[in-house]
Amino acid sequence: MWLLNSSIGRKVVMSVTGIALILFLTFHCAMNIVALFSGEAYNTICELLGANWYALVATMGLAALAVIHIVFAFILTAQNRKARGNSRYEVSTTVNPGKVEWASKNMLVLGLIILIGLLVHLQNFWYNMMFAEIAGFTNGHSPADGFAFIIDTFSHWPLVVLYLVWFAAIWFHLAHGFWSAMQTLGLSGKIWLKRMQCFGLIYVTLLMLGFTVVVLGFYFGCAPSLDCCPDGACCEAAAVCCQ
Amino acid sequence: MAKNISFTIKFWRQNGPKDAGHFDTHEMHDIPDDTSFLEMLDILNEELINEGKEPFVFDHDCREGICGMCSLYINGTPHGLTERGATTCQLYMRRFNDGDVITVEPWRSAAFPVIKDCMVDRNAFDKIIQAGGYTTIRTGQAQDANAILIPKEDADEAMDCASCIGCGACVAACKNGSAMLFVSSKVSQLALLPQGRVEAARRVKNMIAKMDELGFGNCTNTRACEAVCPKNETIANIARLNREMIKAKMAD
């Protein structure tokens, strides 16, 4: 199996799983944007993605992608450290500052920050929704009431800050990850490298802005979907008056 | 106007691959700034010999930037801060200032064990070439010059890839100790030409397998290699290598 045995094969696995995860993020972002405009529509999606068999299968697939991506990251990093050898340079590389992207040298660290954020995020939402539905308990709101969980979660400023840091880490990870994946798959060259970098940067920035807008929109209470009180002053009481 | 500079040189001493190694320092006085870096090391060695010390060992050969033997990691940069497209032998003392401390280290990579001081064993590159970096042909009579037509762009690109001298700066600069820039240049120079295409799939598979076997790391696209390459090879070669490998494996 060259995908396991050869250096390029392992990198191909990293890029394919990485791209698949970016596609998932795109879907997730689109779903979040819906919550900005209509709680009802968002909950319809939540219901659709509850503990249905297809949603469960997709979740398992997604988890597998993430696990493969993380496991391979550790294998590759361990091999790379071994290849580097035990002796370190006295003067670390100073050549052409700016030529080497900061993110490209810190993908594992960024990945670990993302993983920690992911665990918090799964606890905030997945545990209270899909898992609660399977296990048959409720934690504050009905498992299908995703909108209520959004309002709850993003009313706490420490969580909001954590999410924003998390988004920044994902932005850095993907800013390098996107073109890097294309390079590994051979879809790059003297001209296409620049195009892939440019496209990746725009795509990833829009994607992360999408996530950020939703979090801030709910924290500051200015999401259009919260505008449900007659007097318009529903920031604090949104959770109550929307029901 | 040439002027003379005085500085401290801090150089790596290591007796063989198993030795832990350490730095020695030496004060250099009144070195003309049009001296080349290797000439400066020759002066250092004469002084060391006169003091009854062992000379400092380093690799060098042609001293005109085409053989790929010189290999010093100077002040945090493979080949030092030369003009782009130059090796250690074409680094001149005018690049340094009076009173500097110049640190000279060997290539540090598991696949390049130190032989002595700053001389490292780069045999691994030869083994990768032996694994497939050639075309298998029966050498008969020379054929007509234009029997096989090759577009000018392809010939130029292949020539650019072939200009890699295999010095190992890419491996030295890479945080992963990856040899991908070297291997990709050597695969590309043949893959771009019709004579090389015949064995392209076998070549890329064998060379990558050898590269992995010898313990080089995996590329993470940091681009440190192309920033230090004395022959201006680019990671477009690495993309081509990846493409060739995936294509070859898909055809299996």
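Residues numbered from 1 in each chain as written. Chains lettered and ligands numbered in written order. Predicted model: local features only at pLDDT ≥ 70, side-chain atom pairs only at ≥ 80, totals over all residues. Heavy atoms only, no water.

## Here's the deal with the domain arrangement of chain B
All names here are of chain B.
Here is step 1: Taken domain by domain, chain B comprises domain 1 (4-105) and domain 2 (123-250).
Here is step 2: For domain 1 versus domain 2, the distance between C-alpha centres works out to 30 Å.
Here is step 3: On the side of domain 2, twelve residues touch domain 1, which itself brings 13 residues to the contact.
Here is step 4: Contact between domain 1 and domain 2 buries roughly 870 Å² in total, counting both sides, with carbon and sulfur atoms accounting for 54%.
Here is step 5: Taken as a group, Pro78, Arg84 and Gly85 account for 46% of the area that domain 1 buries against domain 2, more than any other trio of residues on that side.
Here is step 6: Applying the counting rule to domain 1 against domain 2 returns two residue pairs in polar contact (both at pLDDT 80 or more).
Here is step 7: In terms of residue class, the side of domain 1 that touches domain 2 is made up of six nonpolar, six polar and one charged. (Domains from an automatic or database assignment. Contact = heavy atoms within 4.5 Å. Buried area = accessible area lost by both parts, 1.4 Å probe. Polar contact = N/O pair within 3.5 Å; in protein donor to acceptor, adjacent residues only side chain to side chain. Nonpolar A, V, L, I, M, F, W, Y, C, P; charged D, E, K, R; others polar.)

## Some points on the environment of B:Lys186
All names here are of chain B.
Here is step 1: In this fold, lysine 186 is placed in helix H5 (residues 180-191).
Here is step 2: Placed 58 residues apart in sequence, lysine 186 and isoleucine 128 show a C-alpha to C-alpha distance of 9.5 Å.
Here is step 3: With residues near it in sequence (within four places) discarded, lysine 186 still touches Ile129, Cys161, Ala162, Cys164 and Met207.
Here is step 4: Within polar-contact distance, the side chain of lysine 186 engages the backbone oxygen of cysteine 164 at 3.0 Å.
Here is step 5: A distance of 3.2 Å separates the side chain of lysine 186 from the side chain of glutamine 189, its partner in a polar contact. (Helix = DSSP H or I, 4+ residues; strand = E, 2+ residues; numbered from the N terminus.)

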